[in-house]
Every structure is written in C-alpha cells, then in structure tokens.
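# A structural walkthrough
One letter stands for each residue in the lines below.
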Amino acid sequence: MGKQVYVMELVRRNIHMNRQKGKAVSQMTLDDDYNIPDNMPDAGMIIQEKGSIEIGEVRVEAGRVKVKGALNFFVLYMEEGPESGLHSVQGQIPFEEMMNVEDAKDGDSLQLKWMLEDVSSALINSRKLSIKTIVTLELCVEELFDVEVPVEVEEIDTAQVKTCHVSTAGLAVRKKDTCRIKDEMILPANKPNIRQLLWQDIAMQGTELRIGEGEILVKGELVVFVLYEGEEESGKAFWMEQMIPFSSHVDVSGCQEGMLGNLGLLLSHSDLELKPDYDGELRVLNLDAVLELDIQLYEEEHLSMICDLYSPVRELELHTVPAVYESILVSNSSKCRVADRMKTGSPDVQILQICHSRGEVKVDESTVTPDGLLVEGVIAIQVLYVTSDDNHPFLCLKGVVPFEHLIEAQGIGKESVYYLQTSLEQLGVTMVNSSELEVKAVVQVNALVLNRMSMPCISEVVERPLDMEVVKGLPGFLIYTAQPADTLWDIAKAYHTTVDWICELNELGSDQIRQGQKLLLVKQMENL
C-alpha cells in the first residue's frame, strides 16, 4: 500500500507590488512651417517662443507602445514696419511614435514623461514661420502582481520552522488625479487698462506634496506673467507679474501618514480670461489652471517569512518558486543651489529692465555611484527684457545653467529601482550691468530608491510518512565535529532531531557554534 500524501497548510501574507518590466527612450525632431493667419500683421522679428507637449493616447500594440500627441507652440513676434507692435500666434504639430518594449501588454501601467530640448522659430518670410524642436519621450512599463509570503504553519506540531526577516515595499495606492486652481488677478492702480493680451506665461514654483490621512496636500505658487497692449496708448506694451499661492487637499483612498511615495505633479493646463471690473474697465484676469497628480504610494512591511522547515518524524517536500521583493532604501528630498551669469553677446544691445524670467529643469543623466545617485542636468533659462533700442524694444535672452547633485543612497546598486522628480523651487535673475545677468536658482530633487532582492518562496509543502529505513541507517548517537559552514539548523535537519534538543544535550546557551566544536547527537525520536 502506498504512503499517504498530504499538502501542508501554510498561513500566507499577501503583498501587492509593482515591477518595472521595461523602459524605452525615444527622441524625435518635430519640424514644420506655420502660416501667420490673414488677420494678423506681418512678422518682422521673433522675440520669444515656448512650447509644451500634449499627450493624447498611450496604448500597447503587439509588444510596442503607441504614443500620439502634439506640440503646442507659442510665438511672440514684432510687427514689420514703423508700427513695431507686438503680437503672438499659436499652433500645433501632431506626432505619432512607436516605442519598443517587448514585454508590454494590455493592463500594464504605462508611465510617460516628455522633455523638450528646445523650441526654436525662424522667419521664412513675413507671413511664414519655421518651427522646430527635439522631443524626448521616456516610457516606463510596470505591471502589478501579488506575492504570497508564507509566515506560519497551521497543522504539524512537530514542524521545525526557520524564518528570515524580509522588508517589503507593498504598493498601497496607484492612481492619477487632478487638482483645479481658480483665482483672480486685478491690475495694480498704476497700470493702464488692457486693450488685448499679447503674451502670457504661467509656471509652477516651490511645490510641496505632503502625504496625510486619506489625502495629499498640494502646495506651491503659480508665477503668472502677462504682457499686454494698453487701452489708451495703442501699440505700447505693458506687463504684470504676480505670484499666486495655492493649497489644495486631494482625497486619496487608502493613503496614510507614514507612507512613502513617488509623487509627480504637472501643470497640464492654464489659461487667463480677461474680464471687466465693477466699473466696466478691463482690469481683471481670471486664472484657471489644472494640475495633474501621478500618485504611487508604498507601505513598508516587516515580515518573518518561512524560508525552510522540516519535521523529524515526517518527510516534508518543499516546492519553491523564484520571487523578487522590493524594499525601500531611500526616500529623499533635497535641494541643489546653482548660480551663473548670462551675457547678451552683443555690445550694441543694452538691457534697461528685466520683464520676466522663466526656467525649466531638465535632467540629462542619472548615474548610480558608490555613494548614491548622481543627477546631472541643466536649467533652461529665458529672460524677456526691455532694450535701449527703440526699433527692438523687447528681446529674449536664452541660456542654460548646468547643475550636478548627489543623492546619498548607501547600498544602491545596478539592480536598484529609482524614481526621480525634479522641479524648480526658486529662480532669481538680476542685472549685473547693461549686458550681463546673474542667475540664482534652487532645484528640488525628490528621489525614491527601491532595492530588489531575489529569493525562493515556498509555494507548497508535501507531507508524507518518514522512510524509517533511512532513520534506522542513522547511528544511535555520535560525536559530530562542526564544519566551517555548519549551522545547528542544518545539523538538526540532517540527523532528524531539533535545535533545542542539541542545545539541551550539549548545554549550549545559544544556537551559535564554531568550526571544530564537538557536538553530541542522540537519535531519540521518542522525545519529539
């Protein structure tokens, strides 16, 4: 008659995790011509341009990811002829890109970031502009999965259990949300009424995301700049800049204080609407902005996982599967301060006054080093200023300020997974003289570093009666000499006894042994 076989019941703890399946980087050049609308005057000189990427669709198709979107561009130009008025136009350049990620499939989480190298425009003629930029798309494909960790044995009293400590980063929250900001701006009393808006620039600065109970607090400032034509003085440009603080609570189910996260914040939409005040004068601007939040929260769990077990009186066959666990190595928020100078490059161009400055943080490379994570990049700067030349009253100076920042992360390795979020906390531009500017900036760098650990996980334990012939073949007692790699666990398991029984026989105060130590082993299964 065959041996009776049972499957041992194990108590398991379920851990919800995400895993990076692949990354892809694609760079493309967008180049197109733009015809100035018939109702707009001829262009004589381009003053400033800017752009942003609008993503319309990100979809998996047969192991590749299709990205559809458009470049939204804006150009400020000076009218051709004696009037020299300022005007602005805007347009779109659509694009479609296929990115290769072999393991991508439907249901995976697709995280896409974009970066514009530079948006440049040039006059082909007075009615046509050439628009060109380089777009870099960074795609990260992640999948959600569950790992069942054995933590306790239910049935056999004689089972000897060995546990090991495992710290895991369980994915608690994964979602996207939006936050809307509405505010009102009123022109100062010393500014003339607005005839029409010529140019606007809205950017985030000094943002902070704080994890609370059931919510995330979003704080920061919107830097709002407006260039406009005055009502009474036709063709003359005026400007206004204001800091609009914002604070909002975004409800997030499952969010708890103490969780650590990779939190992204993007200004996805912004607009200004010109409104009359109580006297009917155009002096009020209504601000409408939408912030997109990309929320990824982890909860650190410390578990005692069963990594081995046996029974001196039963035969246990362990089935294992490979498993990868992620643990939080570093959750770090740090600042990088930089300073540099920019010159106009022409002695004939003199700066009379700075109107507005804007900056954008661009990370070029992140490298794992023995001391941590080295982040290298630039701050792309644009400064709109008033000149001393009446024929060219406004000009824009462009430049980059490089930065290098080390995030301390002892223990980081090539297998580590890290998430970076960078933003501009402060930007200040001042005149050194009529041809040189000083730039001071603070870059906020938030990093979450996860360590990966691969180890087998017990998936099933098959229990059957012990082969007594094997037990009878073992000596009744012996003096065993400990070998270099021996542990009491290994010795007890091999000789069908227990660690406690060996310690009792040899009057050991702990389960630590040394090489060459003599141990008395007695086969006394009746004591179990």
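Everything discussed here concerns the structure shown above.
A brief structural summary. Just so it is clear, the structure is predicted and the values come from calculations on it, not from any experiment. (Residues numbered from 1 in each chain as written. Predicted model: local features only at pLDDT ≥ 70, side-chain atom pairs only at ≥ 80, totals over all residues. Heavy atoms only, no water.)

### Some words on the sheet that holds strand β9 (residues 194-212)
Condition: Two strands are said to pair when DSSP picks up at least two bridges between them. The way it works is that DSSP assigns letters per residue, a run of H or I at least four long becomes a helix, a run of E at least two long becomes a strand, and they are numbered from the N terminus. Here the axes come from fitting lines to C-alpha atoms, over the contacting stretch only for helices, and the angles between their N-to-C directions go from 0 to 180 degrees.
Overall, antiparallel pairing links the 3 strands, which are arranged β9-β10-β11 in an open sheet. Whereas interior strands pair on both sides, the edge strands pair on one side only; in this sheet they are β9 and β11 (237-251). If you compare each strand with its neighbour and ignore which way they point, the axes differ by 15° on average. Examined bridge by bridge, β9 and strand β10 (residues 215-230) share 15 bridges and lie antiparallel to one another. Bridge pairing links Q205 to E221 in β10.

### As for the layout of surface pockets
Going by this rule: For each structure, a 1 Å grid was placed over the protein atoms alone; sets of points admitting a 1.4 Å probe that cannot get out are labelled cavities, open sets with protein on both sides within 12 Å along at least five of seven lines are labelled pockets, and lining residues have an atom within 4 Å of a point. Grid points are joined across faces, edges and corners, and a volume is the space filled by probe spheres set on the points. Any residue outside Ala, Val, Leu, Ile, Met, Phe, Trp, Tyr, Cys, Pro, Asp, Glu, Lys and Arg is labelled polar, Gly included; the first ten of those are nonpolar and the last four are charged.
Of the volumes computed, that of the second largest pocket is approximately 310 Å³. Around the second largest pocket, the lining is made up of 20 residues, and of these E117, D118, K362, A380 and Q382 lie nearest the centre. When the residues that make up the lining of the second largest pocket are grouped by side-chain class, the tally is 7 nonpolar, 4 polar and 9 charged.

### Thoughts on empty space enclosed by the protein
Counted by the stated rule, this structure contains 2 cavities of 30 Å³ or more. Considering the residues around the largest cavity, the lining is formed by L474, P475, L478, Y495, T497, I502, L521, V522 and K523. Broken down by class, the residue content of the lining of the largest cavity amounts to 7 nonpolar, 1 polar and 1 charged.

### Examining the sheet that holds strand β6 (residues 109-125)
A sheet is described by the order of its strands in space; here 3 strands give the open sequence β2-β7-β6, paired in antiparallel fashion. Looking at the sheet topology across the chains shown, the edges are occupied by β2 (10-35) and β6. Averaged over all pairs of adjacent strands, the angle between strand axes in this sheet comes to 5°, irrespective of strand direction. The pairing of β6 with strand β7 (residues 128-153) spans 14 bridges and is classified as antiparallel. Bridging across to β7, L123 finds its partner in L129.

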